[in-house]
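One letter stands for each residue in the lines below.
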Amino acid sequence: MPAAVCFVVLGRQGSGKGTQCQMLTERTGIIHISTGDMLRAAVEAETQVGKQVKEVLDSGELVGDELMCELLAERLTKSDVSKNGIILDGFPRTTQQAEALIQILEKLDIEMVLAINIDVKNEAVIERMLLRGRTDDTEEAIKRRLELYEKQTAPLLEWFNEKGILVSIDGGRTEEEVFEDFLSQIENSSN
Ligand code: AMP
């Protein structure tokens with residue numbers, strides 16, 4: 001038996017990853033780890049990391065792989081992880097991060113069970129992101145994030161697919177409809 005299980009949620013920004021993960025946490029207790037939330041909290045608290053990444057977040061660029069992997073590895077050593085299992089939201093975003101994730105999980109005896117891609121098309125997410133009105137959601141930053149998604153993150157779908165642990169669900173429905181699928185994918189994979 002591994003010490004804990006790890007799920008990964010993939011999808012463009014604005015595809016509903018955060019919402020689905022929150023609903024999952026409420027229902028199952030699986031811990032939602034959002035690297036975007038961690039970074040925004042660091043910016044808010046004006047920590048050293050926060051100061052370092054503020055401009056990057058505002059511009060829509062990606063924070064460096066090395067720093068991201070360090071932050072994630074540190075978070076995964078907390079005791080809540082092994083108790084409840086985790087779902088990663090916003091990590092990995094590059095192939096380097098995905099490769100590093102394998103190493104980090106192995107060291108901590110955490111099993112990567114499934115990656116769930118919430119599929120929502122480009123046009124639909126632009127509208128959603130403008131509506132949610134986060135301060136880093138300027139039109140420029142949104143455009144840049146979507147460009148980077150295609151270039152850096154979309155190839156991860158194939159990466160997870162080759163490992164035989166990728167499923168895609170249609171994210172263009174109501175939150176409740178998507179959640180029904182989302183939850184059943186998680187539950188089926190644990191059986
Ligand atoms: P998110 O909340 O996941 O959309 O992330 C917001 C911003 O945080 C992104 O646009 C990136 O600048 C940064 N970020 C979050 N996660 C990562 C990651 N895994 N690698 C690099 N940058 C990240």
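Owing to the predicted nature of the structure, the values given are computational and were not obtained by experimental measurement. (Residues numbered from 1 in each chain as written. Predicted model: local features only at pLDDT ≥ 70, side-chain atom pairs only at ≥ 80, totals over all residues. Heavy atoms only, no water.)

1. Remarks on the pattern of salt bridges
When their charged atoms lie close together, side chains carrying opposite charge are able to pair.
Working step 1: Counted according to the given criterion, the structure contains 13 salt bridges.
Working step 2: Salt-bridge contacts for Arg-12 lead to Glu-150; the nearest nitrogen and oxygen are separated by 2.7 Å. Of the two residues, Arg-12 sits in the loop between β1 (4-10) and α1 (17-28) while Glu-150 sits in helix α8 (residues 139-153), which places them 138 residues apart along the sequence.
Working step 3: The exposure class assigned to Glu-150 is partly exposed, which follows from its relative accessible area of 36%.
Working step 4: Here Asp-137 ties to Arg-145 by a salt bridge, and the two come within 3.1 Å at their closest N and O atoms.
Working step 5: The class of Asp-137 is buried, set by a relative accessible area of 9%.
Working step 6: On the accessibility criterion, Arg-145 (7% relative accessible area) is buried.
Working step 7: Salt bridges sharing partners connect three or more residues here, namely Arg-132, Arg-134, Asp-136, Asp-137 and Arg-145. (Salt bridge = Lys/Arg side-chain N within 4 Å of Asp/Glu carboxyl O. Helix = DSSP H or I, 4+ residues; strand = E, 2+ residues; numbered from the N terminus. Buried < 20%, exposed > 50% of the residue type's maximum accessible area, 1.4 Å probe, protein only.)

2. Observations regarding the nonpolar core
Working step 1: The biggest cluster of nonpolar side chains holds 32 residues, and the ones touching the most others in it are Val-8, Leu-88 and Phe-160.
Working step 2: Breaking this core down by element, the ones donating at least two residues are β1, β2 (31-34), α3 (48-59), α4 (65-76), β3 (86-89), α6 (95-107), β4 (110-119) and α9 (155-162).
Working step 3: With six residues, the top contributor of residues to this core is α4.
Working step 4: With residues near it in sequence (within four places) discarded, Phe-160 still touches Val-8, Leu-10, Pro-92, Met-112, Ala-115, Ile-165 and Leu-166.
Working step 5: Among the nonpolar cores identified, the runner-up in size contains 22 residues, and Leu-24, Ile-118, Val-125 and Val-167 belong to it. (Core = buried A, V, L, I, M, F, W, Y, C linked by side-chain atoms within 4.5 Å. Contact = heavy atoms within 4.5 Å.)

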